[in-house]
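What follows is each chain in one-letter form.
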Amino acid sequence: MKVEDIMQKDVVYAEVPGNREEVMELMQKYKMKALPVVKKGTKELVGVISQTDLLLKPDEDQVALLMSRDPIQLNPDMSVKQLINLMVEKQLRRLPVTKGKEVVGMVSISDIIKAVSRMNIKTPIKDLVTTKIHVIWEGVPLSAVPTIMRLGKVRTLPCIDDNGVLSGILSDLDFIKESKIVSEEKTSSISSASDKEWSWETSDMLLITKKKLKLPNKPVKEVMTKNVITINEFTSISECASRMYKYKLDQLPVLDAKGDLIGIIEDEKLVMAIQNEN
């Protein structure tokens, strides 16, 4: 099986020049977490932009300064086995597929998960479950969550209620849905006396406007997904992959036989399991 057999051929992409708001609109509309970036009016690849880029650079507005440059590119003829090895080795989640300089597709872990769901692998996920996980109380202000995710290096957080029971789940995609772009004006003082060639006749104050990503003043429980898709620790790898692909999820909370939360299963772990079997 080759990359061209599993890649997404109808590519949605951002353009340069372009801005944050345009990227967010595309991500919201197509429910995507990353986009290839091309030169305006062409399909020539110049970078990749992700939700992480938007969250880590809240003061930046221009796509050219937000995106990651010189991304790894795939050849359509690369085998899926080589693709899996590359994604595991480099810890990548999605990559552009190119012919020459032009984008012809995108491939992600989700595309591999779709293939795994059809392999009828009956091995249970129990040994792949991450049991040391970060959880968050549903009453935490949403504005604090990006910092929690960044420090914990996680994209998804199970949410618990006052009794410590699983009540929802929050992902980085929720921030893009809830965030707004606002203009923030900062005032800088300019000393005209230090520059003899210029005379400031009106004011020595300069207003600098920046675009910033702003989260609403809400608790997590008002934004989190409450109908949580969960899985049992004895579920097979292929069934787990099938559920992830069906609901377009990259992580699932894992419950024990009593229905208590015991950990998280991540799509990367399923891909690594396939790599080991190969």
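Up top is the structure these notes are about.
What you are looking at is a predicted structure, and each value in this text was computed from that prediction instead of being measured.

Caption draft 1: Representation of helix H2 (residues 20-30) in the model. Residues of H2 that are buried include every one of Arg20, Val23, Met24 and Met27, and no others. Angularly, the buried residues of H2 cover 100 degrees about the axis, an arc narrow enough to put them on a single face. For H2, the capping residue at the N-terminal end is asparagine 19, with a side-chain oxygen 3.1 Å from the backbone nitrogen of glutamate 21. Trailing H2 by a residue or two, lysine 31 shows a phi angle of about 55 degrees, which is positive.

Caption draft 2: Structural detail: the sheet that holds strand S3 (residues 45-50). In spatial order, the strands read S1-S2-S3-S4; together these four strands make up an open sheet with mixed pairing. Only two strands of the sheet have a single partner each, and these edge strands are strand S1 (14-16) and strand S4 (68-69). As paired strands, S3 and S4 are joined by two bridges and run antiparallel to one another. Among the inter-strand pairings, valine 48 is bridged to a residue of S4, identified as serine 68. Against the sheet, H2 engages S1, strand S2 (34-39) and S3, with an angle of about 135 degrees to S2.

Caption draft 3: Representation of the nonpolar core in the model. In this structure, Ile125, Ile265 and Leu270 are the most contacted members of the largest nonpolar core, which totals 32 residues. Secondary structure elements with two or more residues in this core: helix H1 (3-6), helix H5 (80-90), strand S5 (94-99), helix H6 (109-117), helix H9 (237-247), strand S13 (251-255) and helix H10 (267-277). When sequence neighbours within four positions are dropped, the list of residues in contact with isoleucine 265 reads Ile125, Leu128, Val129, Ile231, Cys240, Met244, Asp250, Gln251, Leu252, Val254 and Leu270. Formed by 14 residues, the second largest nonpolar core is a distinct cluster that contains Val23, Met24, Leu54 and Met67.

Procedures and definitions
- Residues numbered from 1 in each chain as written.
- Predicted model: local features only at pLDDT ≥ 70, side-chain atom pairs only at ≥ 80, totals over all residues.
- Heavy atoms only, no water.
- Buried < 20%, exposed > 50% of the residue type's maximum accessible area, 1.4 Å probe, protein only.
- Helix = DSSP H or I, 4+ residues; strand = E, 2+ residues; numbered from the N terminus.
- Arc of directions from axis to C-beta.
- Polar contact = N/O pair within 3.5 Å; in protein donor to acceptor, adjacent residues only side chain to side chain.
- Pairing = 2+ DSSP bridges.
- Contact = heavy atoms within 4.5 Å.
- Axes fitted to C-alpha atoms, helices over the stretch in contact; angles between N-to-C directions.
- Core = buried A, V, L, I, M, F, W, Y, C linked by side-chain atoms within 4.5 Å.

Everything listed is a geometric property; what it means functionally is a separate question.
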